[in-house]
Amino acid sequence: MDFDLNDEQRMFRDVLRDFVDREIRPVAQEWEASGRYPTEIVETMRELGLFGLTVPEEYGGLGADMVSFALTFEEIAKGWMGVAGILGSHSLSCWLIARHGTDDQKSRYLPDLASGVRRTGIALTEPDAGTDLQGIATTAVRDGDHYVLNGRKTWITNARYADPLPVLCKTDPAAAPAHKGMSVILVEAGTPGFTVERDLPKLGYKGTESCEVLLEDVRVPATQLLGGVEGRGMQQVLSGLETGRINVAARALGIAQAAYDEALEYAGQRKAFGKTIGDFQAVQLKIAEMAAQVQAARLLVYWAASRSDGGHRVDMEAGMAKAFASEAAVFCALNSMQVHGGYGYSKEFVVERLYRDAPLMMIGEGTNDIQRVVIARALLSGAATIG
């Protein structure tokens, strides 16, 4: 049983750390506070090939293994979680096209997506349908050799930059069960009727936009149906969310690690009653528990990623990693804030941003309650075992 990264993964992590230390950490506080879009950081991510993480090498991508995929989101989230979000939705969409797209869709989109010339995201959530994706109301009606889309999507990361944007919709609203009538349509930027209406205000997760999108009589060629066959959208999306949950779990791990790092450093510097606060047992207990939570989360995230690399379905593993790591992120952010005392509540300190970013990890890519349902169903059905 090997708990170490291989040489290639270690070198990849070192490149990421250098990038984060050089280009993200120095500006994260200022740019996050001002709401500035991290254009220069995105450009460097393009140069590093990170937009091609989930694109096969034959289309110009990195074709990265899942452990390296997780490392990417962990390291970037340690510097600024919002920047990791720009890559997250893009990588999920690329994975969907690479895994489920037609040969024409792959050849038309993947090379430009891998290079970052194009970017993408994914449009699933609606104002009245989040966890229950079968409850979406967006429709795509066939009209000759086109589909006509109508609906509204919300919380869409990269919406202003996505080209194409995969949109989950109902091509057969009368289908029972509903998932049999659901499909994914690739909507290109600039298509008439496709409008990004507004950016949603958020507690954290800044640096990337989260938008509401309106589709009004959007005519899209039938060739934009992902995979070319109707009724497979829900299965396509659910398969992609396995990797999406590894991504979110790794981002949560990055937040947890950063919060721990900040607390450890501060505890060794801050003095009270004539000695550093790290000499007090109450602070030591917090540091110890944070360290245990971070390391346990790391092992779950890497385990889920390595299982995926082994060709296994990882519904349970990714669900465990996402649920545990996200709750570890919230725990570590809060405890790091407490170690910092009043300074932890100040926007001048990194921990305040971590405290605002952490809760989203418990919600995004399926709430933690849903993760636990997925885990339990896998165990009760015998599809997965523990021990």
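Calculation criteria
Residues numbered from 1 in each chain as written. Predicted model: local features only at pLDDT ≥ 70, side-chain atom pairs only at ≥ 80, totals over all residues. Heavy atoms only, no water. UniProt positions renumbered as here; feature names shortened; annotations may be inferred. Axes fitted to C-alpha atoms, helices over the stretch in contact; angles between N-to-C directions. Helix = DSSP H or I, 4+ residues; strand = E, 2+ residues; numbered from the N terminus. Parallel < 35°, antiparallel > 145°, perpendicular 65-115°, else oblique. Left-handed = near helix turned anticlockwise from the far one by under 90°. Contact = heavy atoms within 4.5 Å. Nonpolar A, V, L, I, M, F, W, Y, C, P; charged D, E, K, R; others polar. Core = buried A, V, L, I, M, F, W, Y, C linked by side-chain atoms within 4.5 Å. Buried < 20%, exposed > 50% of the residue type's maximum accessible area, 1.4 Å probe, protein only. Domains from an automatic or database assignment. Buried area = accessible area lost by both parts, 1.4 Å probe. Salt bridge = Lys/Arg side-chain N within 4 Å of Asp/Glu carboxyl O. Polar contact = N/O pair within 3.5 Å; in protein donor to acceptor, adjacent residues only side chain to side chain.

- The protein chain has the name Alkylation response protein AidB-like acyl-CoA dehydrogenase in an unreviewed UniProt entry, where Actinoplanes campanulatus is given as its organism.
- The protein chain has a UniProt comment under Cofactor (unreviewed entry) that states "FAD".

## As for the packing of helix α6 (residues 233-269) against helix α9 (residues 350-357)
- Two elements in contact, α6 and α9, have axes separated by 10 Å at closest approach and are oriented at 150 degrees. Between α6 and α9, the interaxial angle falls into the category roughly antiparallel. Seen from above, α6 lies across α9 with left-handed handedness. Facing Ile255, Ala258, Ala259 and Glu262 of α6, the residues of α9 in contact are Val350, Leu354 and Asp357.
- Here the contact of α6 with α9 is built from residues that sort into 5 nonpolar, no polar and 2 charged.

## Points about the side chain of Gln9
- Among the structural elements, Gln9 can be located in helix α1 (residues 7-34).
- When neighbours within four sequence positions are excluded, Gln9 is seen to be in contact with Asp65, Val67, Ser68 and Leu71.

## Here's the deal with the packing of α6 against helix α8 (residues 315-340)
- One way to put it is that α6 packs onto α8 with a least axis distance of 7 Å and a crossing angle of 25 degrees. Relative to α8, the element α6 lies roughly parallel. Two packed elements cross with a definite hand, and for α6 against α8 that hand is left-handed.
- Class assignment of the residues belonging to the contact of α6 with α8 gives a composition of 19 nonpolar, 3 polar and 5 charged.

## Some words on the nonpolar core
- Membership of the largest hydrophobic core comes to 73 residues, with the highest contact counts inside it found for Ile24, Ile41, Met45, Ile76, Ile246 and Val301.
- Looking at this core, the elements that each hand over two or more residues are α1, α2 (39-47), α3 (66-79), α4 (81-100), α6, α7 (281-309), α8 and α11 (368-381).
- Residue contributions to this core peak at 14 residues, all from α6.
- Three or more residues apiece are contributed to this core by two domains, here domain 1 (7-115) and domain 3 (234-381).
- Not counting the four nearest positions on each side in its chain, Met45 is found in contact with Phe19, Leu50, Phe51, Ile76, Val83 and Leu87.
- Core analysis: the second largest hydrophobic core is formed by 25 residues, Tyr59, Cys94, Leu96 and Met234 among them.

## Quick look at unusual backbone geometry
- A cis amide bond links Asp163 to the next residue, Pro164, at an omega of 10 degrees.
- Looking at the element boundaries, Pro164 is found in the loop between β2 (146-157) and β3 (165-170).
- For the bond running from Ala176 to Pro177, omega is -5 degrees, close enough to zero to count as cis.
- Tracing the chain through its elements places Pro177 in the loop between β3 and β4 (182-187).

## Considerations on the domain arrangement of the protein chain
- Per the domain assignment, the segments of the protein chain are domain 1 (7-115), domain 2 (139-228) and domain 3 (234-381).
- Facing 21 residues of domain 1, the contacting portion of domain 2 comprises 19 residues.
- Among the residues domain 1 hides against domain 2, the three largest losses belong to Tyr37, Gln105 and Tyr109. Together they make up 31% of the total.
- In this assembly, domain 1 and domain 2 are joined by 0 salt bridges.
- Where domain 1 touches domain 2, the interface holds 9 residue pairs in polar contact (both at pLDDT 80 or more).
- Counting only elements with at least two residues in the side of domain 1 that touches domain 2, the list comes to α4 and α5 (103-115).
- The dominant element in the side of domain 1 that touches domain 2, judged by the number of residues it contributes, is α4, at 10 residues.
- Its residues assigned to classes, the side of domain 1 that touches domain 2 comprises 9 nonpolar, 9 polar and 3 charged.

## Focus on the UniProt feature "domain: Acyl-CoA dehydrogenase/oxidase C-terminal" (unreviewed entry) in the protein chain
- As recorded in UniProt, the feature "domain: Acyl-CoA dehydrogenase/oxidase C-terminal" (unreviewed entry) lies at residues 231-380.
- Across residues 231-380, helical content stands at 78% and strand content at 3%; the span's end C-alpha atoms are separated by 28 Å.

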